[in-house]
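Coordinate analysis (summary)
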Amino acid sequence: MKKKLLLTGASGFLGYHLLRVFANDWDIYGITNANEFDFTGAIPVKCDLTNYIELGNYFDDIEPDAVIHTAAIADANFCEQNKEVSHSVNVEASKNIAGICCDFQIPFVFTSTDLVFDGKKGMYTEEDEKNPLSVYGEQKAIAEDEILKIYPEATVYRLPIMFGYPQASPENYMHGFIKRLKQGEETTLFVDEYRSICGARSISEGIFKLMGKTSGIVHVAGRERLSRYDFGMKVVKVFDLNGGLIKQGSQKDVVNMAPRPADVSLNINKAMALGFYPMSADEELERIATEKYF
Ligand SMILES: NC(=O)c1ccc[n+]([C@@H]2O[C@H](COP(=O)([O-])OP(=O)(O)OC[C@H]3O[C@@H](n4cnc5c(N)ncnc54)[C@H](OP(=O)(O)O)[C@@H]3O)[C@@H](O)[C@H]2O)c1
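Residues numbered from 1 in each chain as written. Predicted model: local features only at pLDDT ≥ 70, side-chain atom pairs only at ≥ 80, totals over all residues. Heavy atoms only, no water.

This part takes up the layout of surface pockets. In this model, the largest pocket occupies a volume close to 1,700 Å³. Forming the walls of the largest pocket are 49 residues, and the residues nearest its centre are A72, I73, A74, D75 and Y136. For the lining of the largest pocket, the elements supplying multiple residues, two or more each, are α1 (13-22), β2 (26-32), α3 (76-81), β5 (108-113) and α5 (135-150). When grouped by side-chain class, the residues that make up the lining of the largest pocket number 23 nonpolar, 18 polar and 8 charged. In this structure, the second largest pocket spans a volume of roughly 200 Å³. Lining the second largest pocket we find 13 residues, and of these Y173, R180, L189, R228 and R260 sit closest to its centre. Per element, the largest residue contribution to the lining of the second largest pocket is 4 residues, and it comes from helix α6 (residues 173-182). Taken together, the residues that form the lining of the second largest pocket break down as 5 nonpolar, 4 polar and 4 charged. (1 Å grid on protein atoms, 1.4 Å probe; cavity = no way out; pocket = protein on both sides within 12 Å on 5 of 7 lines; lining within 4 Å. Points joined across faces, edges and corners; volume = space filled by probe spheres on them. Helix = DSSP H or I, 4+ residues; strand = E, 2+ residues; numbered from the N terminus. Nonpolar A, V, L, I, M, F, W, Y, C, P; charged D, E, K, R; others polar.)

What follows concerns helix α2 (residues 52-62). Those residues of α2 that sit buried are L55, G56, F59 and I62. One side of α2 holds all its buried residues, which, seen down the axis, span an arc of 140°. Exposed residues pointing more than 90 degrees away from the buried face of α2 are listed as I53 and D61. Buried positions along α2 lie against β1 (3-8), β2, β3 (42-46), β4 (66-69) and α4 (83-104). E63 occupies a position one or two residues after α2 and carries a positive phi of about 50°. (Buried < 20%, exposed > 50% of the residue type's maximum accessible area, 1.4 Å probe, protein only. Arc of directions from axis to C-beta. Contact = heavy atoms within 4.5 Å.)

Summarising burial for α1: 10 of the 10 residues are buried, a large majority. Along α1, the residues that are buried comprise F13, L14, G15, Y16, H17, L18, L19, R20, V21 and F22.

In the vicinity of the ligand there are 25 residues, among which S11, L14, N33, Y136 and K140 approach most closely. Contact between the ligand and D48: a nitrogen atom at 2.9 Å from a side-chain N or O atom of the residue. Protein coverage of the free-state accessible area of the ligand, which is 900 Å², stands at 84%. At the level of secondary structure, the elements contributing two or more residues to the shell around the ligand comprise α1, β5 and α5. In terms of residues, the shell around the ligand owes the most to one element, β5, which gives 3 residues. (Near = heavy atom within 4 Å. Polar contact = N/O pair within 3.5 Å; in protein donor to acceptor, adjacent residues only side chain to side chain. Areas by Shrake-Rupley, 256 points an atom, 1.4 Å probe, with all protein chains shown as cover.)

The next point concerns the nonpolar core. The biggest cluster of nonpolar side chains holds 68 residues, and the ones touching the most others in it are F22, I28, I68, V220 and F231. Apart from residues lying up to four places away in sequence, F22 is in contact with L5, I28, I68, S204, I207, F208 and M211. One finds C101, F108, F110 and I147 within the second-largest nonpolar core, a separate group that totals 25 residues. (Core = buried A, V, L, I, M, F, W, Y, C linked by side-chain atoms within 4.5 Å.)

You will see that Q105, though not glycine, has its phi angle at about 55°, which is positive. Looking at Q105, the relative accessible area reads 55%, which means it is exposed. With phi around 45°, M123 is a residue other than glycine that occupies positive phi space. Inspection of the secondary structure puts M123 in the loop between β5 and α5.

Next up, the structure:
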């Protein structure tokens with residue numbers, strides 16, 4: 001009999017990929033809130049994670065063998081303007097789920113972000129000091145600390161910006177960009193904002209591979225340190241788009257509601273020593289372009 005996985009954020013962008021990567025080996029209960037997921041290989045569970053009583057009841061009913069908690073309010077600008085609402089999901093609900101997993105003594109995976117760093121250094125290791133610039137980064141940083149305090153055996157994966165299949169979320173980072181170019185719109189991409197950008201499918205395959213192998217903080221991200229411009233040019237090449245529409249820009253010329261760090265590239269040696277080996281951005285883009293549906 002398969003083990004039972006409770007996946008929060010199943011209707012989200014990363015959830016889309018995790019559902020498909022885990023479905024063969026796990027019975028998945030996918031928690032959604034305002035939206036639904038379009039996948040027959042998992043059992044949908046409607047639950048607002050800030051409703052602790054309801055969530056506790058679901059745990060009692062389902063009795064999961066493991067939990068992957070990806071649900072979050074991940075829009076940094078929204079968090080900046082809605083601190084209390086985002087705190088209740090990003091921090092309080094995360095703490096609560098960690099507490100329940102500790103009570104059940106089951107593996108608990110929390111997805112955090114590279115934005116816990118200030119971006120002054122780049123190629124951050126798990127031991128580097130956090131110093132988030134945005135409310136979203138701060139909430140994730142607090143959640144990491146609180147989770148590991150409540151349940152030291154929990155696993156915290158710090159993730160980079162991810163790209164993936166358009167049907168996962170048409171508005172995701174890469175597809176908004178492709179859409180603009182197809183409509184003939186000029187697009188400016190920063191040459192001085194660096195990330196260890198990675199495909200969400202590679203990240204999900206990594207989370208699958210590392211399941212149960214580690215605890216504490218682990219960086220799970222791409223192998224390359226790419227500027228937004230570098231990545232954009234890769235997308236242009238693979239999808240045969242008009243690269244002439246891309247202009248080079250500087251992060252310093254734009255004021256964002258949520259301050260954005262310059263270089264939050266991540267050192268992934270720890271994850272690679274555990275067997276994580278993501279596709280390069282080129283390989284993953286080719287996979288998306290050729291497979292189309294996943
Ligand atoms: N995407 C990235 O590039 C990126 C980069 C670094 C880290 N991360 C982290 O990775 C995780 C997944 O990100 P994502 O891009 O998949 O996010 P997303 O597409 O915005 O999805 C967020 C998910 O959270 C759920 N959710 C939000 N509030 C909820 C609530 N009160 N109760 C229950 N569910 C709730 C949403 O459910 P409904 O839609 O059904 O309401 C949705 O399934 C997050 O923890 C994020 O911080 C993402």
